[in-house]
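The primary structure of each chain is shown beneath.
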Amino acid sequence: MKQLEERILRDGRALNADVLLVDSFLNNQVDAPLMAAVGKALAGAAKELGITRVVTIESSGIAPAVMTAMALDVPLVILKKSTSRILKDDVLQTEVFSFTKNAAYQLTLKKRFVLPGDRVLLVDDFLARGEAAQGASKLIKQAGASVAAIGIVIEKAFQPGRAVLMQKGYRVISLARVAKMGEDCIEFAEADA
Ligand code: 5GP
C-alpha cells in the first residue's frame, strides 16, 4: 500500500534494529483517514474469503481493525491482554510472549462474540515473530471458528513471523513489509495489497 509506505518513510523511526516506532499515526496518535484507507485495502484483499467477523488485539490493532470491519460490514471483536473481574466468565485464554515488552500476558477472548463456523479476518498493527497472531488464532479456533486470513498493517519481513504463520497454513496479507531498517533508512519488500 503505497500511501502507507510513504507515511512510514516520512514519520516512522527505527528505535533500534528491531523496533519501528509509528506513534504519530498508528500507536499513540491515530491518523483516521489513513486507517480508513488501511481498512479498505485489507477488506479489498479479503473480499472473496467470506469473512463474517474481524478480530483484533487491544490496543493498537483496534484503529485499523474497526475500519476493516466497517469496510466489510461485519462485527469487530477485541481480544484483551489482561483479565479483570468482569471478564471472568465465558472466556478463552492463552499466554502470549511480547517481544517488544519482554513480558508475557494472558490473551483473552470472550467466547460468545466468536461463533462456531465464523470465518475470521484477524487484524493486527505489526507482525514480528508471530506470537500474538498465533495466540489469537488459537483462541479463535478454540471457539470453533476458522482464521480465513491474517491482515497486518506493518510486517517486519526480516523477522520470522510470516514464515511461522505460513508454515502453519495461515494466509498473511501485509500492507507494508519492512525488509530492512536502520537510523536513516527503511526499505520495503513487495507487499500483499
Ligand atoms: P509478534 O507477536 O508478531 O512478535 O509481535 C507483534 C506484536 O508486538 C504487535 O501486536 C505489536 O503490538 C508489537 N510489535 C512488534 N514489533 C513492533 C514494532 O516494531 N513496533 C511496534 N510499535 N510494535 C511492535
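**Student:** Can you help me understand unusual backbone geometry in this one?
**Tutor:** Only a minority of non-glycine residues have a phi that is not negative, and only a minority of peptide bonds are not trans. Across the junction of Glu-58 and Ser-59, the peptide omega takes the value -5°, indicating a cis bond. Within the secondary structure, Ser-59 is located in the loop between strand S3 (53-57) and helix H4 (62-72). The backbone phi angle of Asp-73 is positive, close to 60°, even though this residue is not glycine. Residue position: Asp-73 is located in the loop between H4 and strand S4 (76-79). A relative accessible area of 69% places Asp-73 in the exposed class. A positive phi angle is found at Asn-102, which is not glycine, with a value near 55°. Within the secondary structure layout, Asn-102 lies in the loop between strand S5 (91-98) and strand S6 (103-110).

**Student:** How should I be thinking about the side chain of Lys-156 in this particular structure?
**Tutor:** Here Lys-156 lies in strand S8 (residues 146-156). Although Lys-156 is buried, it makes no salt bridge; Asp-18 carries the closest opposite charge, 6.3 Å away. Setting aside chain neighbours within four positions, we find Lys-156 in contact with Asp-18, Val-19, Phe-126, Leu-127, Ala-128 and Val-178.

What counts and how
- Residues numbered from 1 in each chain as written.
- Predicted model: local features only at pLDDT ≥ 70, side-chain atom pairs only at ≥ 80, totals over all residues.
- Heavy atoms only, no water.
- Helix = DSSP H or I, 4+ residues; strand = E, 2+ residues; numbered from the N terminus.
- Buried < 20%, exposed > 50% of the residue type's maximum accessible area, 1.4 Å probe, protein only.
- Lys, Arg positive; Asp, Glu negative; His and termini not counted.
- Salt bridge = Lys/Arg side-chain N within 4 Å of Asp/Glu carboxyl O.
- Contact = heavy atoms within 4.5 Å.

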